[in-house]
Amino acid sequence: MASYAKDPRCTAMAEALVPLLRRNCPEGAGGFGGSYQVNLDDEEAVGLGGAELIRAAMRKAARQLGWKVNTIGMIGTRHGTVVVVQDVREVPEEHQAVINDAMNDRMRAALHKVWGEQGPAPVQRGSVALMTQEFRAAVATGSA
């Protein structure tokens, strides 16, 4: 597998991603528990350098925040190209309640949608659609 660590496209993308990843951590969790996912059209992902370059940029940005990461990069899914980075560090006890509450909020929002419940959905910070829009804007600004 090719290394993208010194690729200028990877470096520029990682710089644009750092604030997005930081902002996506649960508020009050000390920077723990973050994750980020983008779903792009396959052609769009190729135009940005491919799933592996995007994945490398996410990994590089996450490591700048001190995250220990798991990453996923898949092309040709029913959602197009899917790239994910997740902070898998052990969460200190003082932040555990905040992380658990954030996870419960995400689950409530997902179940609300799956069950087709009436009324407004619970607030869900960092939906994949929003993260994808932010990613597109950040990458476009970074390459301009």
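Residues numbered from 1 in each chain as written. Predicted model: local features only at pLDDT ≥ 70, side-chain atom pairs only at ≥ 80, totals over all residues. Heavy atoms only, no water.

On to the overall build of the protein. In terms of regular secondary structure, the protein is built from five helices and three strands. Along the protein, helices (α) and strands (β) appear in the sequence α-β-α-α-β-β-α-α when read from the amino end. C-alpha extents for the protein along the principal axes are approximately 40 × 35 × 30 Å. The proportion of buried residues among the 144 residues of the protein is 38%. Of the contacts made within the protein by residues no fewer than 6 positions apart, 66% connect residues no fewer than 24 positions apart. Here the protein displays about 8600 Å² of accessible surface, and carbon together with sulfur accounts for 54% of that area. Charge separation in the protein, taken as the distance between the mean sites of 16 positive and 16 negative side-chain charges, equals 4 Å. (Helix = DSSP H or I, 4+ residues; strand = E, 2+ residues; numbered from the N terminus. Buried < 20%, exposed > 50% of the residue type's maximum accessible area, 1.4 Å probe, protein only. Contact = heavy atoms within 4.5 Å. Areas by Shrake-Rupley, 256 points an atom, 1.4 Å probe, with all protein chains shown as cover. Lys, Arg positive; Asp, Glu negative; His and termini not counted. Charge placed at Lys NZ, Arg CZ, Asp CG, Glu CD.)

Bringing helix α4 (residues 93-115) into the picture now. End to end, α4 covers 33 Å across 23 residues, agreeing with the expected 33 Å (1.5 Å per residue, within 8%). Restricting attention to buried positions, one finds in α4 the residues H95, I99, A102, A109 and H112. Once α4 finishes, G116 follows within two positions and takes phi at roughly 65°, a positive value. (Expected span 1.5 Å × (residues − 1).)

Within this structure, the stated rule accounts for zero aromatic pairs. When the ring centre of F32 is taken as reference, the NZ or CZ atom of R89 above it lies at 4.0 Å. (Phe/Tyr/Trp six-rings, centres within 6.5 Å; stacked < 30°, edge-to-face > 60°. Lys NZ or Arg CZ within 6 Å of the ring centre and 35° of its normal.)

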